[in-house]
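For reference, the chains in residue letters:
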Amino acid sequence: MILIIGAGSVGSNLAADLAESNDVVVIDRDADLVDELRSQHDVTGVVGDGRSASTLREAGIDRAEIVVASTDNDAANVMVCNAAKQAGDPHTIARVKEVGLFETWQSLDEGLGVDTMLCIDKLAAEAVVRTIALPGAHAVDTFADDQVEVAEFEIGEDTPITGQSVAEADRYASTTFAAILRDDDVIIPTGETVIQSGDCVVVIGSLASISRFAEDVSAQPPLKSEDDIVVVGGDVLGYQIAQQFEARGWTPEIVERDPEQATQLTTRLRSSSVAETDVTNIGGFNPNVLTGADLVVGTVDDNTNYLLAQLAREFDVARTAAVVDNPEVVDLFEETGLDVIVHPEDIIVSEILRTIYEPGPEEVSVLGHDDAEVLEVVVDSESALAGKALRDVTDQLPSGIVIGAIVRNEQLQIPRGNKIIQTGDRVIAFVDASVAAEVAELI
């Protein structure tokens, strides 16, 4: 049984993803949220405080194999995990906001009763910088212990592969064309599928090969160490993003309106500069902050980040990125033409699912699209893939799947038709969401 404490956006999405093939129990103080989950999905709902021993007993915490503490209160999430360990021996997962708490947990050899702790700001910062580092990418994720990259690129009129079939475009070593996102459709391509201007192409491959692909299809050059990077917002998230940039050799400028916070950033960051100004105050805003910037990253609230994107366009900023908290406004941000949009809750859901499914299939909503998933599977003797050539496997699995990469003995293998999949191989596949559950069970 999987016990989820907190039926907010993260908890609700987890329950929806897990309910089809798992016994799921959800606890929340909001009766309406619990009732909505009960009516829409095959879950058991308990109304109450997840920190209460009686509520946890009512939910069957002693039977739980996995406990996910996903409330908005870090301390409460750690308390729940601790209580779960007292009641049984489940794998406990805590979602936290405070980086300091995450670092404390790490220093205690992952103690506090928490087996897996996921820090929202740290994961969001990594996603922002990882995606920005790949020119032209809308979104990027890594698999197989960072050996395999999955990335999405928009194809323009002048892109070298525009108008070519997938077979003609398939000239990048260790790269597989996994999907084409066209309007609202996910197309699993064949060799004859023609790539059109306006398509978003999802490719899977080694980091080096995806980087070469990015250089070809992107109108933007890679960021250089001397480029002017502006991170707006110096709170925990902005600080984490600045650290990630510094680790890659870039020197960003942080814009922070709070004088005390600005002073702290100056002493804590190695090479970044700090400008004290308020981007939310149009009358007092210093436009020199954006003049000549090569990249602007918004990390404040959604309203400010949206305004910032508009201002960046007015000042001809080459690239823009934003962290968007509210899932309902993501589409609005996409319409502004932002190059990179990161939604932290999607990242947390994906990471929790990876933890739950390990070492079996890791089901992850891909690159912000709910209608497709990536499955990362370690092939065992019962898998439909074991001992078969890829060309033969295709006929035995539902349509809507592309094997994007095979990792064998920590070496990336090119997934071509004559490649025989062996037990112990780690397979990364792009799958249409409508058949993902069936495919996961088969492979």
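The structure presented is a predicted model; accordingly, all values stated were derived computationally and were not measured. (Residues numbered from 1 in each chain as written. Predicted model: local features only at pLDDT ≥ 70, side-chain atom pairs only at ≥ 80, totals over all residues. Heavy atoms only, no water.)

K.L.:
Would you mind going over the sheet that holds strand E4 (residues 66-69) with me for this structure?
P.N.:
The pairing of strands in a sheet happens through backbone hydrogen bonds and is either parallel or antiparallel. Taking strand neighbours across the sheet as the criterion, the 6 strands line up as E3-E2-E1-E4-E5-E6 in an open arrangement whose pairing is parallel. The sheet is open, and its two edges are formed by strand E3 (44-47) and strand E6 (116-119), each paired on a single side. Averaged over neighbouring strand pairs, the angle between their axes works out to 15 degrees when direction is ignored. Sheet topology note: the strand E1 (residues 2-5)/strand E2 (residues 24-28) ladder contains 4 bridges and is parallel. Along E2, the bridge assignment pairs Leu-3 with Val-25. Helix H5 (residues 99-107) rests against strand E5 (91-96) and E6 of the sheet, and its axis sits at about 150 degrees to E6. Helix H13 (residues 344-357) contacts E1, E4, E5 and E6 of the sheet and is inclined by roughly 170 degrees relative to E5. (Pairing = 2+ DSSP bridges. Helix = DSSP H or I, 4+ residues; strand = E, 2+ residues; numbered from the N terminus. Axes fitted to C-alpha atoms, helices over the stretch in contact; angles between N-to-C directions. Contact = heavy atoms within 4.5 Å.)

K.L.:
How should the sheet that holds strand E8 (residues 148-154) be read in this particular structure?
P.N.:
As summarised here, the arrangement of the 5 strands in space is E7-E8-E11-E9-E10, forming an open sheet in which the pairing is antiparallel. Bordering the open sheet on either side are strand E7 (137-143) and strand E10 (185-187), each of which pairs with just one other strand. Between one strand axis and the next, the sheet turns through 20 degrees on average, direction left out of account. The pairing of E7 with E8 spans 6 bridges and is antiparallel. In the sheet register, Ala-137 faces E8, and the bridge partner there is Phe-153. Sitting on the sheet, helix H8 (residues 207-217) touches E8, strand E9 (175-182) and strand E11 (200-206), and the angle it makes with E11 is about 145 degrees.

K.L.:
Help me understand the environment of Ser-383 in this model?
P.N.:
By secondary structure assignment, the location of Ser-383 is in the loop between strand E19 (369-378) and helix H14 (390-396). Overall, the relative accessible area of 5% leaves Ser-383 in the buried class. Along the chain, Ser-383 and Thr-423 lie 40 residues apart, while their C-alpha atoms are 8.3 Å from each other. In this structure Ser-383 touches Leu-442 and Ile-443, once residues within four positions along its chain are discounted. Looking at Ser-383, its side chain comes within polar contact range of the main-chain nitrogen of Leu-385, at 3.0 Å. (Buried < 20%, exposed > 50% of the residue type's maximum accessible area, 1.4 Å probe, protein only. Polar contact = N/O pair within 3.5 Å; in protein donor to acceptor, adjacent residues only side chain to side chain.)

K.L.:
I keep staring at the side chain of Thr-320 and nothing clicks. Help me out?
P.N.:
Within the fold, Thr-320 resides in strand E16 (residues 319-323). The exposure class of Thr-320 is buried, given its relative accessible area of 10%. Those residues in contact with Thr-320 that sit more than four places away from it in its chain are Leu-295, Val-296, Ala-312, Gly-337, Leu-338, Asp-339 and Val-340.

K.L.:
Before we go on, may I ask you to explain H8 in this structure?
P.N.:
For an α-helix the count is 3.6 residues per turn, leaving residues at separations of three or four pointing the same way. Among the residues of H8, those classed as buried are Ser-209, Ile-210, Phe-213, Ala-214 and Val-217. The buried residues of H8 occupy one face: seen down the axis, they fall within an arc of 145 degrees. Looking at the buried residues of H8, the elements they touch are E8, E9 and E11. (Arc of directions from axis to C-beta.)

K.L.:
Is there a simple way to explain the pattern of salt bridges in this structure?
P.N.:
Oppositely charged side chains may form a pair once their charged atoms are brought near each other. Going through the model one piece at a time under the given rule, you end up with 11 salt bridges. Among the ionic contacts, a cluster of salt bridges with common partners joins Lys-85, Asp-89 and Asp-115. (Salt bridge = Lys/Arg side-chain N within 4 Å of Asp/Glu carboxyl O.)

K.L.:
What is the right way to read the packing of helix H6 (residues 120-132) against H13 from this model?
P.N.:
To describe two helices that pack against each other, one gives the angle between their axes and the distance between the axes. Packing of H6 against H13 leaves a shortest axis separation of 9 Å and a crossing angle of 105 degrees. Taken together, the axes of H6 and H13 are roughly perpendicular relative to one another. Each of Ile-120, Leu-123, Ala-124 and Ala-127 in H6 lies in contact with H13, whose residues at this interface are Pro-344, Ile-347, Ile-348 and Glu-351. Its residues assigned to classes, the contact of H6 with H13 comprises 7 nonpolar, no polar and 1 charged. (Parallel < 35°, antiparallel > 145°, perpendicular 65-115°, else oblique. Nonpolar A, V, L, I, M, F, W, Y, C, P; charged D, E, K, R; others polar.)

K.L.:
I would appreciate a short explanation of the packing of aromatic side chains in the present structure.
P.N.:
Aromatic rings considered in pairs are described by the distance between their centres and by the relative angle of their planes. Summed over the entire model, instances satisfying the criterion amount to 6 aromatic pairs. When the ring of Phe-102 is compared with that of Trp-105, the centres are 5.8 Å apart and the planes differ by 35 degrees; the resulting orientation is tilted. Taken together, the positions of Phe-102 and Trp-105, both in helix H5 and 3 residues apart, correspond to about one turn of that helix. Comparing Phe-102 with Trp-105 shows no difference in burial state: the two are buried. These aromatic residues form a ring-pair network of at least three members: Phe-153, Tyr-172, Phe-177 and Phe-213. One cation-aromatic arrangement involves Arg-268 over Tyr-239; the distance from NZ or CZ to the ring centre is 4.0 Å. (Phe/Tyr/Trp six-rings, centres within 6.5 Å; stacked < 30°, edge-to-face > 60°. Lys NZ or Arg CZ within 6 Å of the ring centre and 35° of its normal.)

K.L.:
Would you explain unusual backbone geometry in this entry?
P.N.:
Excluding glycine, most residues fall at negative phi; most peptide bonds, likewise, are trans. One non-glycine residue, Ala-144, lies in positive phi territory at about 50 degrees. Here Ala-144 is to be found in the loop between E7 and E8.

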